[in-house]
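# Structural features, examined
Here is how the chains run, residue by residue.
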Amino acid sequence: MQSNNHKPELIVMLTHHDETVRNALELFERLKEHSVRHWGFKDVGLQPHEMREVVTAMKNAGKETFLEVVSLSEEEGLRGAHLAVELGFDVLMGTVFYPTIAEYLRDKAIRYYPFPGHVHSHPSILDGEIEEIVAHACDLESFGVQGLDLLTYRFTGDPSRLLTQVVQATNIPVVSAGSIASFDRIREVWESGAWGFTIGSAFFDKQFVPDGSFDVNILAVCNWLEEQ
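Just so we're clear, the structure is a prediction, and the values are computed from it rather than from any experiment.

With that settled, consider the layout of surface pockets. For the largest pocket, the calculated volume is near 270 Å³. As for the largest pocket, its lining consists of 23 residues, of which Arg154, Gly178, Ser179, Gly200 and Ser201 are closest to the centre. Elements represented by at least two residues in the lining of the largest pocket include exactly strand E12 (196–199) and helix H8 (201–204). Of the residues assigned to the lining of the largest pocket, the class counts are nine nonpolar, nine polar and five charged. One number sums up the size of the second largest pocket: a volume of about 190 Å³. In terms of lining, the second largest pocket is formed by Lys7, Pro8, Glu9, Leu10, Ser35, Val36, Arg37, His38, Cys222, Leu225 and Glu226. Grouping the constituent residues of the lining of the second largest pocket by class yields five nonpolar, two polar and four charged.

Moving on: helix H7 (residues 183–192). Two residues of an α-helix separated by three or four positions point the same way, owing to the 3.6 residues in each turn. What H7 keeps buried is the set Ile186, Val189, Trp190 and Ser192. When H7 is viewed along its axis, its buried side chains cluster within an angular range of 165 degrees and face the same direction. What points out from H7, more than 90 degrees from its buried face, is the exposed set Asp184 and Glu191. At its buried positions, H7 is contacted by helix H6 (159–169), strand E11 (174–176), E12 and helix H9 (214–227).

Scanning all chains against the criterion turns up 10 aromatic pairs. Ring geometry for Phe41 and Phe89: centres 5.3 Å apart, planes at 70 degrees, overall edge-to-face. On the criterion of sequence distance, the pair formed by Phe41 in strand E4 (residues 38–42) and Phe89 in the loop between helix H3 (74–87) and strand E6 (91–96) is long-range, its members being 48 residues apart. Phe41 sits in the buried class, given a relative accessible area of 0%. Of the residues examined, Phe89 reaches a relative accessible area of 2% and is grouped as buried. For the pair Trp190 and Trp224, a centre-to-centre distance of 6.3 Å together with 75 degrees between the ring planes defines the contact as edge-to-face.

What counts, and where the lines are drawn
Residues numbered from 1 in each chain as written. Predicted model: local features only at pLDDT ≥ 70, side-chain atom pairs only at ≥ 80, totals over all residues. Heavy atoms only, no water. 1 Å grid on protein atoms, 1.4 Å probe; cavity = no way out; pocket = protein on both sides within 12 Å on 5 of 7 lines; lining within 4 Å. Points joined across faces, edges and corners; volume = space filled by probe spheres on them. Helix = DSSP H or I, 4+ residues; strand = E, 2+ residues; numbered from the N terminus. Nonpolar A, V, L, I, M, F, W, Y, C, P; charged D, E, K, R; others polar. Buried < 20%, exposed > 50% of the residue type's maximum accessible area, 1.4 Å probe, protein only. Arc of directions from axis to C-beta. Contact = heavy atoms within 4.5 Å. Phe/Tyr/Trp six-rings, centres within 6.5 Å; stacked < 30°, edge-to-face > 60°.

So this is what it looks like as structure tokens:
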């Protein structure tokens, strides 16, 4: 169980509609002096050598780096895990959990935050009963994963109740990922006690400041978090 007094951490994802944007490196270089510490992107949209350039720039700027694997097969998940290790990411988010992935990562200097519950499609959808997802989250914690990548607002049921119950049932960081496009949803994440949340598409779609740039939308969320 995490505390809802904890201000959730923002992870800026250089992704739009579950794909890494082509100008991810350019965007990061423009924003690298920003106070946001956590940055990431998806395993689709860039070639491995392009990913390496982006993650190297992030690490050189002192950022914590996240690769979110939204490919769902065991083979693709393992490939994503190998890529995350080879490129030096700090955290591997996503993948449908397979013991083979966890075993590969067990002695690696990377943290693993898989998806709890039944995830399918692209962009990703989470379905099933809340009790089943909570039980799966607890099983993943027992298996030794270091955190959870919960697709709260991609859930086909009550997202707020799901997030709160997963946070209350576990003792590892829970990241709420996907479709956070309003201050109300950020507040729900905060009230749940989750460790953090990702935002990608909503920054590109100017959901927080409709007449503002990508940069201005990030700043608006950061300022909102500081003012609460």
